[in-house]
Every structure is written in structure tokens, then in C-alpha cells.
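Reading the structure
Okay, here's what each chain looks like letter by letter:
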Amino acid sequence: MFAKAFRVKSNTAIKGSDRRKLRADVAAVFPTLGTDQVSELVPGKEELNIVKLYAHRGDAVTVYVSGGNPILFELEKNLYPTVYTLWSYPDLLPTFTTWPLVLEKLVGGADLMLPGLVVPPAGLPQVQKGDLCAVALVGNRAPVAVGVAAMSTAEMLASGLKGRGFCVLHSYQDHLWRSGDKSSPPSIAPLALDPPDLSEGKGCVKADTALQGDMRQLTLEEEEEEEEEEVQRRCEEKSPSAAMEDPGPGGLHADPTDSKTLQEQMDELLQRCFLQALKCCVRKADLPLLTSTLLGSHMFSCCPEGRQLDIKKSSYRKLSKFLQHMQQEQIIQVQELSRGVESIVAVDWKHPRITSFVIPEPSPTSQTIQEGSRGQPYHPPDIKPLYCVPASMTLLFQESGHKKGSVLEGSEVRTVVINYAKKNDLVDADNKNLVKLDPILCDCVLEKDEQHAVMKLPWDSLLSRCLEKLQPAYQVTFPGQEPIVKKGRICPIDITLAQRASNKKVTVVRNLEAYGLDPRSVAATLQQRCQASTTVSPAPGLKDSLQVQIQGNQIHHLGRLLLEEYRLPRKHIQGLEKAPKPGKKK
């Protein structure tokens, strides 16, 4: 249940009446506890908090916290002890024993399978289906997991110890345990009759054989989680950050001189960006502030040049878990103001972590994605429309020294037409705003049905018609490079939404290369900004061109990146109108 991070809904001090009710419930559920032990577990005056949370699968759980450690949790009106409590009262529940190798599976969310049980000489504890049980490891009676029996002891024996034995709810090293002081299990000597007969390795061989043959019988829940993690791993391997130049064993933009692991470096970078954002960017007037806005608009901009903030590479894995930790340190207060949307509602700017934070020297935050030079900030190219002389208009332009295929700017076309009209006395003597059309101009600018009907045209109409009849071309000039002239019209950056078989939307971007943008670098930036998986693949129907695909409708993020940061003209981007409307799900 707590194999993955949970989401805290509220954390409040317990009322006196609730404290008395909890004490009565503990005495009723655990009758082996004496009055003094109940009072010790649920103290009368010491601080005791009620934490309401949602597990990663949506279950609503109430956790009782004493002395910083979770001691009990309530699920569907049933009360369960945590491992912290069981370490103080190891005989509170019937305890079954398993091998240390099994613990890793339990922490990952697996149920305990019967082949993994170690049967002591005195036999298994007697339980009925649905009874609350504890699980300990060979050699130490301190419980490491809490679960519910999936069958009675008699049924376990009748099955030949095959199948699922216990539905595990909570274990040592899971996220509920991590919310406490993270202490290790104490060493509690097994009872005299507990150890299995290991003489000549009999018990060990039997159990090991059973483990090898049957420990693959994981629950559907664990298999699904493992599959999800494998898919995520593959996505990360195929992500642009992995496809870019090899960053070395430390990961993308890791500091090679730092002896810390990549995860430790990312944890430090995450906290640095968080504290700098609160100290420099966020103001009281900004509250309540969406957590996604804090990350996308403030924390990313505080990331130092040459580094890439990637929460998935930190120990927190998710923004919500990191902010939860910051809330526990009482730096911020996070609330769910609308369903599924968390906001920061309060910041303690006098907190020592904020006041003692030293703001690093400012450095440019421009994304270094210019193709061929990652050390230079991206600057948009200068794109100039040009016009190419077709065969049908060579007579008009040849007097000015141009021939078929000549490329001109709009001002040059204007000059050619004006000079031709003046040289051939085509300007109307009575109205100098009109130009008389000779046979050459008629062939160049008039349609067939206009040949005998239109005798004169205003200057602006004549010039616009000439430009329309010329073949389009364009010139692209990248900073520090020679201009590139191409025929035709430059294709805009094309943004589309696609629906996949899983009924999920993806944003697809094409033609980035025409504007000097490296699709892999853009994908890496979007992956960071949107916190969504991205892939780069060949663009269908386009030779030597790549497309970027981002999970979800990310057109809003994409528009801000292209228009505001890269400063590309809107006329060169199509598809921005498909951005999600405010308040609408992506």
C-alpha cells in the first residue's frame, strides 16, 4: 500500500476526545496490551497528530503520528500497527517468519507467498483468514511487515504451502516507514523454539528450493508496477537526454569533479533551485501558487547554466513528494485547493533555510541549443521573403539586367517596376497614381478575362500583382553564418495533436531544423518543463527531418518556449490555437 509515495491531505493535532476514542479502539483491537501499555502507545499529554493521506492507488488512510513516527494507521475503519509500534511490542500480533531475500519483494509492494515461509519446529502460528499478522526475518523477531492472512493456518498447510499467504499492507523501508525517523529494526532474539533446524542444511535447502521455484508468484499488483517501471526505464533510455552526446556515467550535465552520486547532486540542485525561487522569485502576493507554476516558471529559471534540473533523477522522483518534505520542514504549506491540484498557500520566509541561503552569482539562463554550438545561446534566424523571376515575366525584368531565375527582394521588385513604367512613359499624365498597361505589363499582371477590360492600375495594385505573380523564395541567415537562399516558402514549425491507441493525447512538433533548432535539445527542454516523456523520431514523409513527440497537450508550454524564449515570430508557427483552454484537462 505504501510502496510508492502518498499524498498528504491534512496534518492536525489530535483533539482530547479523539485521543480518548483512539485509546479505547487500541484496547479493543489489541486486547493483549495492558492498560499501561495502551497509555504508553497513545500518550495522554504528549504531541499526537492525525495525518490524513491518499495512497498512490487512491486509498484514503488515516495515520496517527507520535514523536515524529507513525504508530498506527486506519484503513476502511480497521486499525493497524506500524513496524515502529511492533518493534516496541513484538508479540502484539501472530508473527510469521520469512527469509531476508523476501524483504525486498515486500518493500516493492508484493504480498507474502507461502513458499517463502520458514516453518519452525513448533509449527506455524494459528490464525484465521482475515486475521492481522506480522512478518519477521530469520534470526530476528523484530517484525518487518504487517499484513492480513489470506487463508487460515489449516488451509495453508492443506495447500502444501502454495499460493498467497498474506496481503501485505505496510513494511519496513516503505514510504510510511520513511515518514518517520527511518530507524532500523532492533535486534530481538528469536524464541527458543523459533529457529528452523538448519543442521546439515536441511531446512535451508528445502526453503531455498521452494523460493527458487515459487517466489515468481508475485501478485498482479507487483507485476503491474514492475511493468510500469520497465516502460518508464525504456522511455528514459530513448529520451533525448539519453540520445544526446554521452554525458558520462554520472548522467546528463553531472559535475564530474563531484564525488557525490548523481542522485545526491540532483537532490542538492533541486533544493538550491527551490530555495532560490522562494528567496528571489516568489512574493506573498503570488500566493496561493500552483506547484506546477513554482517548478515551471521559477525553479527551472534558477537552474545554473550547464545543469539540467530533472526531478526524476533525484531521490524524491516527484515534485509532490519533494514539496511534502519541504512542508515537513515547515518551509511551506501545501493544500489541495481544487480536486487533484495542489498549491502553495504559505511560505515561511523567516525560516533559517531561506534566510541563510546565499544567492549564487547570476548567470545567463538561456537554453543552449543552437545546432552545432551548444555553448552559445539560441538566437532566431533572420528570415527574409524573396521573389524569383519566372519565364513569363522575364521581359519586364530584363531591362534592369535580370533574367529568368533571378532572385530579388521586395524593394528591388518595386524599383524595377517603377523604373520600367517611367522609362516607357506609362505613368498617367492626368492622374499620376495610375499606370497605363502596355502589352508586357498586361501579360505579367492581368488575367485572361481582364486583358481587354483593364487599361490602367493604381501603383499599389500593380506592385502587389507583380509580387503575386513572381515565384516565392526566401533567405535564412543564422548568426555568424552566410545567408542561405532557397526557393519556395519556408515551412512553418508545425504543431499538431494526435490521439494514440491508448486514447491519450500527444503533441507532435515538426520542422524545427529549418529554424536552426535541434529536435533532441528541444525535446530535452520540453521533457524538463512539462515533466512528461518525450521521444524523437523520423518525421513521416519528410526526408532527413525529425519530429518531437511529447505526452499530453503541451502546446501551451511549447508556445511559451518558441515565442518568448526563442523569440520566433508567430507567423512561422502553426497550431498554437490548439493549446488547452484554461481550466480544461490536458
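So, here is what we can say about the structure in this document. (Residues numbered from 1 in each chain as written. Predicted model: local features only at pLDDT ≥ 70, side-chain atom pairs only at ≥ 80, totals over all residues. Heavy atoms only, no water.)

**Re the sheet that holds strand S23 (residues 534–538)**
Note the threshold: Only strands that DSSP links by at least two bridges are regarded as paired with each other. Secondary structure counts use DSSP, requiring at least four H or I residues in a row for a helix and at least two E residues in a row for a strand, with both numbered from the N terminus.
Read across the open sheet, the 5 strands follow the order S23-S24-S22-S21-S25; overall the sheet is mixed. The open sheet terminates on both sides in strands that have one partner only, identified here as S23 and strand S25 (573–574). Alignment of strand S21 (residues 493–499) against strand S22 (residues 505–510), held across 6 bridges, turns out to be antiparallel. Looking at the pairing, Thr 496 lines up with Val 508 of S22.

**Some thoughts on the pattern of salt bridges**
Going by this rule: By definition, a salt bridge exists where a carboxyl oxygen of Asp or Glu is found within 4 Å of a side-chain nitrogen of Lys or Arg. Categorising residues by exposure relies on relative accessible area from a 1.4 Å probe, with only protein chains included: less than 20% of the type maximum marks a residue as buried, more than 50% marks it as exposed, and the intermediate range marks it as partly exposed.
This model, assessed by the stated rule, comprises 13 salt bridges. In this structure, Lys 21 and Asp 25 form a salt bridge, with 3.0 Å as the shortest nitrogen-oxygen distance. Within this pair, Lys 21 and its partner Asp 25 are both found in helix H1 (residues 16–29), separated by 4 residues, close to a single helical turn. On the basis of relative accessibility, which here comes to 28%, the residue Asp 25 falls in the partly exposed class.

**Observations regarding unusual backbone geometry**
Located in the positive-phi region is Lys 77, a residue other than glycine, with phi close to 65°. Mapped onto the elements of the fold, Lys 77 is located in the loop between strand S4 (69–75) and strand S5 (78–81). The phi torsion at Gln 173 lies on the positive side, around 80°, for a residue other than glycine. Checked against the element boundaries, Gln 173 lands in the loop between strand S11 (164–171) and helix H6 (175–178).

**Observations concerning the nonpolar core**
Here is the rule: Residues grouped as a nonpolar core are buried Ala, Val, Leu, Ile, Met, Phe, Trp, Tyr and Cys residues, joined through side-chain atoms within 4.5 Å. Contacts: residue pairs with any heavy atoms within 4.5 Å of one another.
Core analysis: the largest hydrophobic core is formed by 37 residues, its most contacted members being Leu 22, Val 26 and Leu 72. Elements with a minimum of two residues in this core: H1, helix H2 (35–41), strand S2 (48–54), strand S3 (60–66), S4, S5, strand S9 (132–137) and strand S10 (140–149). In this view, Leu 22 contacts Ile 14, Val 42, Leu 48, Tyr 64, Leu 72 and Leu 79; residues no more than four positions away in its chain are not counted. In terms of nonpolar packing, the next biggest core, distinct from the first, is built from 31 residues, Met 266, Ala 277, Phe 300 and Phe 357 among them.

**Regarding the packing of helix H10 (residues 262–281) against helix H11 (residues 291–299)**
Under the convention used in this document: Axis lines are fitted through C-alpha atoms, for helices just across the contact stretch, and the angle between N-to-C directions can take any value from 0 to 180 degrees. Comment on the angle field: the value is read as roughly parallel under 35 degrees, roughly antiparallel over 145, roughly perpendicular from 65 to 115, and oblique elsewhere. Ten residues, namely Ala, Val, Leu, Ile, Met, Phe, Trp, Tyr, Cys and Pro, are considered nonpolar, four, namely Asp, Glu, Lys and Arg, are considered charged, and the remaining ones, Gly among them, are considered polar.
The interhelical angle for the contact between H10 and H11, taken along N-to-C directions, is 85°, at an axis separation of 10 Å. One element, H10, and the other, H11, form an angle in the roughly perpendicular class. Contacts between H10 and H11 involve Leu 270, Cys 273, Phe 274, Ala 277, Leu 278 and Cys 281 from the former and Leu 294, His 298 and Met 299 from the latter. By residue class, the composition of the contact of H10 with H11 is 8 nonpolar, 1 polar and no charged.

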